[in-house]
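Read off the chains here:
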Amino acid sequence: MRVLLPGVLVLDTNFVSGLRNTRHLDLLGKLRDLILRAGLKLYVPLGVYAEVKDTDEHLTPLLSSFSKAVRVSRDEFFERVRRFAVRNRYVSVDEYVDVEVMVLAAKLKAEGGVGIVTFDEEIVKTVRNFSELRGVEVVYPWKFLLCLVPFADSSIKGELEGAIVDVYNYFYQHRVSGEREVIDLVQDLVEDSIMAMEL
């Protein structure tokens, strides 16, 4: 079965937030088998793991059931990414978790195609504009879930499809309410719709 995702993915906190805010947290406990069937490797920086734990400590065992938590060292490369993102006003001076996500993804490029599952505009802009992050793909949360549909059996397929629609609507409304640009979001939706038809 064809997977239209990089084989290695790094999760950002807002993937879990999207599921929580759309009342699809039950899906977290069901992702492990789908991810295994799809042949994906998922990683979570410890900063993301801590943010999820701060929100609800019961979520961390679910998260660790399908992803590997990794400590990201704040080395020279970390500081280069952070300085670029801060200088361009993509992230605030005290934002470290978003930088952990991007640095981990960059360091995992050696394993092959790598992506970040996020809707965070700051991460998206940094990845698209910082030359040392070239080759890292941004995967919106609903696209990640959409690519898992072919691996879902009938008992979970409806729930997964419902989550895709709700998560997309949640993030779209979030962006519109923040008066942020939606043109790239619409373009990605068109591409995702074409991909959904191919599945």
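No experiment lies behind these values; they were computed from the predicted model shown.

Draft legend 1. Representation of the overall build of the protein in the model. A count of helical and extended segments in the protein gives 10 helices and five strands. When the 199 residues of the protein are sorted by exposure, 49% land in the buried category. Contacts in the protein between residues at least 24 apart in sequence constitute 71% of all its contacts with a sequence separation of at least 6. Carbon and sulfur atoms provide 49% of the accessible area of the protein, an area that totals close to 9,800 Å².

Draft legend 2. Examining the side chain of Arg 82 more closely. In this fold, Arg 82 is placed in helix 5 (residues 76-87). Under the relative-accessibility criterion, Arg 82 is labelled buried at 15%. Sequence-distant contacts of Arg 82, that is, excluding residues within four places in its chain, are made with Val 93, Glu 95, Tyr 96 and Val 99.

Draft legend 3. Up close: the sheet that holds strand 1 (residues 8-11). One open sheet accounts for five strands, arranged 3-2-1-4-5; its pairing is parallel. Bordering the open sheet on either side are strand 3 (68-70) and strand 5 (136-139), each of which pairs with just one other strand. The average angle at which neighbouring strand axes cross in this sheet is 30°, direction not considered. Here three bridges tie strand 2 (residues 41-45) to strand 3, and the two strands are oriented parallel to one another. Each residue of the ladder has a partner; that of Val 44, found in strand 3, is Ala 69. Where helix 6 (residues 97-107) meets the sheet, its contacts fall on strand 1, strand 2, strand 3, strand 4 (114-117) and strand 5, and the angle it forms with strand 2 comes to roughly 140°.

Draft legend 4. Examining helix 5 more closely. Taking 1.5 Å as the rise per residue, helix 5 with 12 residues should run 16 Å; its terminal C-alpha atoms sit 16 Å apart, in good agreement. Among all positions of helix 5, only Phe 77, Phe 78, Val 81, Arg 82, Phe 84 and Ala 85 are buried. Down the axis of helix 5, the buried side of the element spans an arc of 165°, and every buried residue falls inside it. Away from the buried face of helix 5 by more than 90 degrees, exposed residues Glu 76 and Arg 87 are located. Buried-residue contacts for helix 5 involve helix 6 and helix 7 (121-129). Put simply, Asp 75 is the residue that caps the front of helix 5, since its side-chain oxygen is 3.3 Å from the backbone nitrogen of Phe 77. At the C-terminal side of helix 5, Arg 89 shows a positive phi close to 60°.

Draft legend 5. Quick look at the packing of aromatic side chains. Overall, the coordinates contain 11 aromatic pairs when judged by the stated rule. Taken together, a centroid distance of 4.7 Å and an interplanar angle of 35° make the contact between Phe 84 and Phe 130 tilted. Here Phe 130 lies in the loop between helix 7 and strand 5 and Phe 84 lies in helix 5, a separation of 46 residues in the sequence. For the pair shown, Phe 84 and Phe 130 are each scored as buried. Between Tyr 140 and Trp 142 the ring centres are 4.8 Å apart and the planes differ by 15°, which places this aromatic pair in the stacked class. By relative accessible area, which is 3% here, Tyr 140 ends up buried. Among the aromatic residues, those joined into a ring-pair cluster are Phe 119, Tyr 140, Trp 142, Tyr 168, Tyr 170 and Phe 171.

Draft legend 6. Seen up close, the environment of Glu 137. Relative to the helices and strands, Glu 137 is located in strand 5. For Glu 137, a relative accessible area of 31% gives the class partly exposed. As for Glu 137 and Val 117, which are separated by 20 residues in sequence, their C-alpha atoms are 8.8 Å apart. Sequence-distant contacts of Glu 137, that is, excluding residues within four places in its chain, are made with Pro 6, Val 114, Gly 115, Ile 116 and Lys 143.

What counts and what doesn't
Residues numbered from 1 in each chain as written. Predicted model: local features only at pLDDT ≥ 70, side-chain atom pairs only at ≥ 80, totals over all residues. Heavy atoms only, no water. Helix = DSSP H or I, 4+ residues; strand = E, 2+ residues; numbered from the N terminus. Buried < 20%, exposed > 50% of the residue type's maximum accessible area, 1.4 Å probe, protein only. Contact = heavy atoms within 4.5 Å. Areas by Shrake-Rupley, 256 points an atom, 1.4 Å probe, with all protein chains shown as cover. Pairing = 2+ DSSP bridges. Axes fitted to C-alpha atoms, helices over the stretch in contact; angles between N-to-C directions. Expected span 1.5 Å × (residues − 1). Arc of directions from axis to C-beta. Polar contact = N/O pair within 3.5 Å; in protein donor to acceptor, adjacent residues only side chain to side chain. Phe/Tyr/Trp six-rings, centres within 6.5 Å; stacked < 30°, edge-to-face > 60°.

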